[in-house]
Amino acid sequence: MRIVDIREQTGALQTSMRNAFIDFSQMTVSLVAVVTDVVRDGKPVVGYGFNANGRYAQGGILRERLIPRILAADPDTLLDETGDNIDPFAVFGAMMTNEKPGGHGDRAIAVAALDMAVWDAVAKIAQVPLWKLLADRFNGGNADGRVLVYPGGGYYYPDGNLNKLRDEMQSYLDDGYTIVKMKIGAADLATDLKRIETVIDVVGGDGGRLAVDANGKFDLETAIAYAHGMKPYGLFWYEEAGDPLDYALQAELANHYEGPFATGENLFSHQDIRNLLRYGGLDPQKDWIMPDPALAMGLTEGLKIIDTAEAENWPRERIVLHGGTQLALAMSAGLQLGGTETYPLMFQPYGGFADDTPIENGFTTLPDLPGLGIEGKAKLYEVMKPLGE
Ligand code: MG
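Residues numbered from 1 in each chain as written. Predicted model: local features only at pLDDT ≥ 70, side-chain atom pairs only at ≥ 80, totals over all residues. Heavy atoms only, no water.

Draft legend 1. Just the overall build of the protein, in detail. Secondary structure assignment for the protein yields twelve helices and 13 strands. The globule rule puts the C-alpha radius of gyration for 389 residues at 21 Å, and the 20 Å found for the protein is close to it. Classification of the 389 residues of the protein by burial places 59% in the buried group. By sequence separation, contacts in the protein at least 24 residues apart represent 73% of the contacts at least 6 residues apart. Total accessible area on the protein is roughly 14900 Å²; 48% of this is exposed by carbon and sulfur atoms. Across the protein, the centroid of the 33 positively charged side chains sits 2 Å from that of the 55 negatively charged ones. (Helix = DSSP H or I, 4+ residues; strand = E, 2+ residues; numbered from the N terminus. Rg over C-alpha atoms; globule rule 2.2 N^0.38 Å. Buried < 20%, exposed > 50% of the residue type's maximum accessible area, 1.4 Å probe, protein only. Contact = heavy atoms within 4.5 Å. Areas by Shrake-Rupley, 256 points an atom, 1.4 Å probe, with all protein chains shown as cover. Lys, Arg positive; Asp, Glu negative; His and termini not counted. Charge placed at Lys NZ, Arg CZ, Asp CG, Glu CD.)

Draft legend 2. Expanded view of the nonpolar core. Of all hydrophobic cores here, the largest spans 124 residues; its most connected members are Leu-114, Leu-130, Ile-184, Ile-196, Met-230 and Tyr-238. No other element matches helix α3 (residues 107–126), which puts 14 residues into this core. Domain assignment of the residues forming this core places at least three in each of domain 1 (3–127) and domain 2 (137–378). Apart from the residues within four sequence positions on either side, Tyr-238 is in contact with Ile-184, Val-212, Phe-218, Ala-223, Tyr-226, Ala-227, Met-230, Leu-253, Tyr-257, Pro-260, Phe-261 and Ala-262. (Core = buried A, V, L, I, M, F, W, Y, C linked by side-chain atoms within 4.5 Å. Domains from an automatic or database assignment.)

Draft legend 3. Structural view of the sheet that holds strand β1 (residues 3–12). Strands sit in the order β1-β2-β3 across an open sheet of three strands; the sheet is antiparallel. Here the strands that pair on one side only, and so sit at the sheet edges, are β1 and β3 (43–50). Shown here is a sheet whose adjacent strand axes are inclined to one another by a mean of 25°, direction ignored. Bridge count for β1 against strand β2 (residues 28–40) is nine bridges, and the pairing is antiparallel. For Gln-9, the partnering residue across the bridge sits in β2 and is Leu-31. (Pairing = 2+ DSSP bridges. Axes fitted to C-alpha atoms, helices over the stretch in contact; angles between N-to-C directions.)

Draft legend 4. View of the pairing of β3. Taking burial as the measure, the eight residues of β3 include six buried ones, the bulk of the element. As judged from the seven bridges shared by β2 and β3, these two strands associate in the antiparallel manner. The residue bridging Val-35 from the neighbouring strand is Val-46, located in β3. From the end of β2 to the start of β3, which pair antiparallel, there are two residues, and Asp-41 there has a positive phi angle of about 50°.

Draft legend 5. Inspection of the domain arrangement of the protein at higher detail. Domain boundaries in the protein define domain 1 (3–127) and domain 2 (137–378). Computed over C-alpha atoms only, the centres of domain 1 and domain 2 are separated by 24 Å. Interface area for domain 1 against domain 2, summed over the two sides, is near 3400 Å², with a carbon-plus-sulfur share of 69%. Lys-124 is the salt-bridge partner of Glu-375, the closest N and O atoms lying 2.7 Å from each other. At the surface where domain 1 touches domain 2, the tally comes to eight residue pairs in polar contact (both at pLDDT 80 or more). Elements with a minimum of two residues in the side of domain 1 that touches domain 2: β1, β2, β3, α2 (88–95) and α3. Residue contributions to the side of domain 1 that touches domain 2 peak at eleven residues, all from α3. (Buried area = accessible area lost by both parts, 1.4 Å probe. Salt bridge = Lys/Arg side-chain N within 4 Å of Asp/Glu carboxyl O. Polar contact = N/O pair within 3.5 Å; in protein donor to acceptor, adjacent residues only side chain to side chain.)

Here is the structure:
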């Protein structure tokens, strides 16, 4: 068997939301199709991938570097030991040829989209859901039948309307979620505390059901001011207070706030995660790390991130994946991580899970389609399918 073609295209995000740092209306996504010569049900097996929201499409890196390297490799060197399927680690090695270590930047996003498509193809060729393939290959056959999920949302509405925020949060509860998340840091502290109290009211007065996310906006002084302001609420977590790479700020903030922290979505390699765990002052008993496999060089690097975290005495149950993709869901289930974000309303059609995936008491079940399950998310498949034809 062999990979016969790899195609990429830039897609648009259908969203007008903003957080403390960026406006998402201009954001793009790279879509990738890996076409193989394996035939199932009379059609070639095609793996699909895309990068998560928050970074831009990376067509140049895909077209000029990653895709030509894979297509130029001897096809036999990209196969696993059976010779009947792709070896995703070999494909990862081929696309990273002649790339210097460190400073991953936007290439991490390009690699993530392409690596996702490769793993989708691998699981489809094996004729199993990706979560099951991961459980069988890397987790002794163990998988979680249901996964903790929380909706990423609570963005700033253009007119600052608290009723719209309230309605959005209520809609998540109506859909079966128990923990919700909202953005902070794009208003002043007093305004944000009012927004937080509005949402705590929606979730029945329990701050432990609300996470807040500053998207890396605060300097140390502001981060500490918010910590003092939010302390009484007993929040589920306080996410990305300062710059994602400022581990000293994160470590100092821990001296001013006893509640759980979460961070890591803007670290794109296992080396960066290792530095966070060594120098960020995080506590594996109460804090969370939240890498995003659809931004951080894909599932292949995600496996290394999990190994790295465990080597730093960080339990995999305290990894809650960012990004709300079907890849994050498959990894959470098949590798028994802590759970994953999802985007029922934002970043369509890429965010969220298969159309018939139920959310009950904050947990979701798994798709039984082969691969990632993109074919079970009609609007997403509509966008991806032409790329594979
Ligand atoms: Mg975040």
